[in-house]
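Examining the three-dimensional arrangement
Chain by chain, the residues:
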Amino acid sequence: MLTLESLSKRFESTTAVDSLSLELGRGEFLSLLGPSGCGKTTSLRMIAGFESPSSGRILVNGRDVTHVSPRKRDTGMVFQNYALFPHLDVFENVAFGLKARGAAGAEISRKVAAALERVDLSGYERRPVQDLSGGQQQRVALARALAPEPPLLLLDEPLSNLDAALRERTRDELRTLLKAVGITAVFVTHDQEEAFALSDRIAVMNLGQLRQLGTPEELYRSPADAFVASFVGRANFLDARVVSRDGDLAEVMIGEHARWRVRLDSDGGAGSSSDGDVRVMVRPELLRLLPAGGDDPGGNPGADGNDDTALSGGSRGNGLPGWIVERRFAGSTTQYRVQLFGAPELLVSVPGHGPRLEGRVLVVAEEGVPLRAFPRSGL
Amino acid sequence: MSLKRRYVTILTALSLAFLTACGGGDGRQILVVYSPHGPDLLKTFEARFEEANPDVDVQWLDMGSQEVLDRLRSEKANPQADVWFGGPRQLFQAAADEQLIEAYSPPWAAAAAEYSDPQGRFHGVYLTPLMIAYNSAVVDSASAPQEWDDILNPEWADRVLIRDPMASGTMRTIFGMVLQRSIRETGSVDAGFEWLRRLDGQTREYTLNPTILYQKLARQEGVVTLWDLPDILDIQSRGGSYPFGFIFPLTGTPLVEDGVAVVAGAPDQELARRFVDFVGSESEVITAARKHFRLPARSDIPSDSLPETLQRARDVINPEPINWQLLNERGSEWMRYWDDNIRGRG
Amino acid sequence: MTEEPSPASRAATSAPEPSAISHTLSPVPGSVTPHRWRPKVRVTTLLGVGITLLLLWLVLYPNLFVFVDSLRARGEFTMEHYQRFFASRSEREALWNSVWLSGASVLLSGLIGIPLAFLFSRYEFPGRTILGGLAAMPVLLPPLVGVIAFLFLYGESGFLARGIQELFGLALPPWRFTGPWAILLVHAYTMYVYFFLFTSAALSRLDRGYGEAAAALGASPVTAFRRVTLPMLAPALVGASLLVFMTSMGSFSAPYVFGGGFRVLATQIFVSKLNGEPAIAAVETVVLAAVSILFLALLQRYEARREYTGAGKGTVSGLHRIRLGRRGTILLTLSAWALVGFLLLPHATVLLVSFVPEGTWTTEFIPPAWSTANYTSLFSESELLTPILNSLRMATIATLANVVLAFVAAYLLVRRGFRGKRLLGALVILPWALPGTVLAVSLATTFSVNQPLAGRFLLVGTFAILPLAYFIRNIPLVTRAAMTSFRQLDPSLEEASASLGADWTTTMRRVALPIVLPGLAAGALLAFVTALGEFVASVMLYTFRTRPISIAILSELRAFNFGGAAAYAVLLIALMAVVLLIGYGKVSDGPTQ
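Model, not experiment: these values are computed from the prediction.

Along the backbone of chain A there are eight helices and 20 strands. Here chain A holds 379 residues, and 50% of them are scored as buried. A separation threshold of at least 6 residues defines the contact pool for chain A, and within that pool the share at least 24 residues apart is 65%. As displayed, chain A offers around 16,100 Å² of accessible surface, 46% of which is attributable to carbon and sulfur atoms.

So, in structure tokens, the structure goes:
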């Protein structure tokens, strides 16, 4: 449906988009996710035709549209600020694209009515757009983009101008509606939750480069690099040293005593040197807390460190000592902020109503799930 | 789309404005006259000429004589005017030198030969005597300055109004007279400039144009000025309360020759000539004298056909000899010197 | 004139090529929006080239003749005129006077106009709307009449001086309305309007959110004003300063009538010309224009450094006006009325004089007699209507041309980055830097012969020359208004239109034009009214068939008929006021952002 082939956009001194390639199937929803300035909006604008790429190609249904003007690309676009025409009413806004394509009067009325029906704004035809609420304006913008029935819809931060409560509801409605239409859609967003909720696949971008393309699950479970890991969901990072390795899997030493099992970044990096420095990424929900044993706080929790179970990471001997800074109950989970001794703070998330721990604790990793580790230079 | 309707309304209104304004000529021949003589005199002649020539539409543009010259210059390639009516001899001479006006001898040329171009390119129609004018509500004729030099008396200090000489042919002529007298008497202009420096000391204000001069004189911002006869008489005649009196200095009164000429390449040369014939004809110079106080240049106009004031003026005036050629040649330089070194420093 | 809109219309109507591969207009590094969507490169290239050539031809080319004149003597090129100019004490004095007087005029006009704008946009009190409209009235004081009004009002035999003299039994008038201070007063009086209008417009656009954000960040009101409001107003203030400076530099009537012996360049040009020294006049003209252009360049640099393009979301919050307490409101209302009354005194004077029978008012404090004689004699003349219709017609043609040019030029300047953008930007402002007389002289010189190959056509003496002069004079005004509108126009609207399948012309016609129109129309109305009363260029270029209103007034003045002139002026002011009222009424119920 949509193919980007090493698409680049360079401004005078900076490269906004660096050789972006991806492919999008019919009816698929893709999010371009990244912090501001990562090139996601520029990419979207190149797809729409508002920016011309410095190099690379854009194909829609196999047709090269790289140098085709925006109006001939057959893409609908929903702008961040909606860009509704202030001098036209709702009907005229929605009808604009149909008129521009020379549709007949009856067809226009029919299609506008259908589009407004779809976004639940029937009866608002003659309202000036300024009189509408933010949510309504957003839906008019959507109806306007959908009315000419483009095969591809581009949405630039479609929800960012809505308040939080409305945003969540609109998000779900938007997905349902677009799926019902059967359109192919590209979203630009900086909000990971929004990207997760809306899209089938997500392209995470940073500094103009595509860092990872995958389903929300893949991104969360196996982030390609530390950036993706930190940008998608919450992540804790711990500096570690590789002690031994077996293929992808390796054993690393965190601090003086704790040995944890990790899966190394498959594309080499740390894998090339078996005893290199790595950075271990662990999601908060994969950490567990144990009460600190004995009265020896900083003492020697791994006295029996030669136990085989240590490798599983779950044992007390491989626990990282620290103390609880804060406990926060968040409904479905309970979250703890734990300050490690001589190490960074960790976030630990425990399902349900977690115990009221205070003071010293040991942090251990969930058993059986190898953690991700990235080369230290990766961040 | 109510906007569209609004555009249409505006556009219709606008095109209506055009249509009503577009009405061109009415089929009459058009005679265009450039003249500094003012609307009153011009209206008189427009009516009289059109009466005598019903097929002609006289169109006059009222402007300063310097502006007439400027216009003729810029319109040289595409002359718009047929006749230049009114202006001092120096300007006509300049126009003649630049071939902006062309030779023509009207039937009355001989009678005004003294004030005309020997090659017949322009002809004197009126004579404008320059003299001292004062506000008679404040000053009576006995105590008013009787001579040019009297203006320098202490009693007139800061009470003299002068029309800006840079912009006024009248004032240039008076200044020229002062400097030429100086040359005649001492051989150089120094004494003359010294005289002008003292005049500058007496001067309350140099005014932009005649209208403001009259205004300020009437409102007593100043009480004495140097100006010309027809304008003062004209204002006196308006019946209002403009109390202007005048005095011809007996040591000499310059007479500015006021001419008429056919514009070179006039759109309607025949008509232009007819108009020149007309304004210089006996009946018309007498009309101008009676209605607008113009002293005829023609020597063959009997005094008794003129209004009393002009008869008296003819008797009293002692014409000051002016070397027009010298004034033409040195005038700019003198005025520049005056402007740079004397104005505001006396 | 007939030539002039053709490049634009030709480009706009020709079917644009879809291919956008050839990027003829290459982006300029560092320009504001160089990488925005580029529509129809062909159309806009044509437009850009066409408009630049047109302006080069109409704005720059005629002035070259003046420049050449300043360098020629006896058929050779020489610097001797310049040497003479700079060697002369009075010329240097005139130059310096022009500069400081213009600077002081900017300052003084700002001191009146800016607080006035704040008063009317920030405070609520009875009669605010009416007074706000009245405070803009000096726009409607035609140049010639304005000066006369001041003479009657503040002159030493004028209304005020006579009143004080009578009141205190003084032997002499209390002041003489002459010298630089008189000029300055007249300038401030007539030019504060630019500051008032520009600042008011900017204030109404200014998102109150910024002020609140600043307050929330703990800024004191003074800091908030200095750090937030003032920078946001900067473009408006720069524009107004520019306009006042240029107008003061070119101002002729005020220095000439009230200057006494005070020389400025504009009067020196006049004097040199009358004295038969065209070369010196040309030098003075070039120097005057150079100073103006220098100032223009300075301000443009400043402006380029700070571009405040819709940092907000395009939503204009309802302007919140401060309501003072009862006593405060009364005080405010009274002072506002007094202030506006003071500012309208010249208009009142014109009205007053129009009812004074000729020759009756000389030394009295107030006119001793009243009548409508001036009006009846005016209306009994069959020729009354012709100048009015002439002016309407010529002003309309000129303004329509202005609107077309301004729209296209503003689009190119705001939306596009291209080589030659700075040139175009300078060309559309340049007419401001050239005084009306200079424009008239240069047009009269350039278009007095028919040499089509040299780009010279015989326009002098034809109908076309005056509308052309009005058109050129008003290019900066209308173009700036259009640029302001375009800056406020959210670019994504044009992109939305394109993504919906509309081509460039449709986008311009259906999206940009309707939204830009109110701002553009406001500028056009001002231009129209200016053209209606234009005097300086008209007096040099009019013909009998095209004589405009200002010439009719001049004619009355030359005949020493103040009453008649005033009556004519009252008609003109009324006409302008009607145009503005209808115009702004139409504009304000049009689409607004």
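A common way to report how large an interface is uses the accessible area buried once the components associate. Residue and element names in this part refer to chain B. Each domain of chain B was delimited in the assignment, giving domain 1 (3–127 + 256–306) and domain 2 (128–254 + 321–341). On a C-alpha basis, the centres of domain 1 and domain 2 stand 28 Å from each other. Taken residue by residue, the interface counts 13 residues in domain 1 and 13 residues in domain 2. Buried area between domain 1 and domain 2, summed over both chains or domains, comes out near 1,100 Å², and the portion from carbon and sulfur atoms is 57%.

Right, let's talk about the packing of aromatic side chains for a bit. With the rule as written, the count across this model stands at 36 aromatic pairs over all chains. Where Phe193 of chain B meets Tyr337 of chain B, the ring centres are 4.7 Å apart and the plane angle is 55 degrees; that geometry is what we call tilted. Taken together, the positions of Phe193 of chain B in helix H6 (residues 190–202) and Tyr337 of chain B in helix H12 (residues 324–341) put the pair 144 residues apart, joining distant regions of the chain. Seen from their ring centres, Phe246 of chain B and Phe248 of chain B are 5.6 Å apart, and the 65 degrees between their planes marks the pair as edge-to-face. You'll find Phe246 of chain B and Phe248 of chain B in the same group, each marked buried. Taken together, the ring pairs connect Phe45, Phe49, Phe85, Tyr126, Phe275 and Phe278 of chain B into an aromatic cluster. The ring of Tyr34 of chain B is capped by Arg71 of chain B, whose NZ or CZ atom sits 5.8 Å from the centre of that ring. For the cation-ring pair, Arg72 of chain C lies above Phe77 of chain C, with the distance from its terminal atom to the ring centre recorded as 5.2 Å.

With that settled, consider the interface of chain C and chain B. Contacts between chain C and chain B engage 65 residues on the former and 60 residues on the latter. Summing both sides of the interface, chain C and chain B together bury roughly 5,800 Å²; the carbon and sulfur share of this comes to 51%. Considering only the surface of chain C that becomes buried against chain B, Phe544, Arg558 and Phe560 of chain C emerge as the three largest contributors, covering 13% of it. For the pair chain C and chain B, the number of links is two salt bridges. Across the pair Glu277 of chain C and Arg336 of chain B runs a salt bridge whose closest N-O atoms are separated by 2.7 Å. In terms of residues, the side of chain C that touches chain B owes the most to one element, helix H12 (residues 265–274) of chain C, which gives six residues. Of the residues belonging to the side of chain C that touches chain B, the class tally is 28 nonpolar, 20 polar and 17 charged.

Conventions we followed
Residues numbered from 1 in each chain as written. Chains lettered and ligands numbered in written order. Predicted model: local features only at pLDDT ≥ 70, side-chain atom pairs only at ≥ 80, totals over all residues. Heavy atoms only, no water. Helix = DSSP H or I, 4+ residues; strand = E, 2+ residues; numbered from the N terminus. Buried < 20%, exposed > 50% of the residue type's maximum accessible area, 1.4 Å probe, protein only. Contact = heavy atoms within 4.5 Å. Areas by Shrake-Rupley, 256 points an atom, 1.4 Å probe, with all protein chains shown as cover. Domains from an automatic or database assignment. Buried area = accessible area lost by both parts, 1.4 Å probe. Phe/Tyr/Trp six-rings, centres within 6.5 Å; stacked < 30°, edge-to-face > 60°. Lys NZ or Arg CZ within 6 Å of the ring centre and 35° of its normal. Salt bridge = Lys/Arg side-chain N within 4 Å of Asp/Glu carboxyl O. Nonpolar A, V, L, I, M, F, W, Y, C, P; charged D, E, K, R; others polar.

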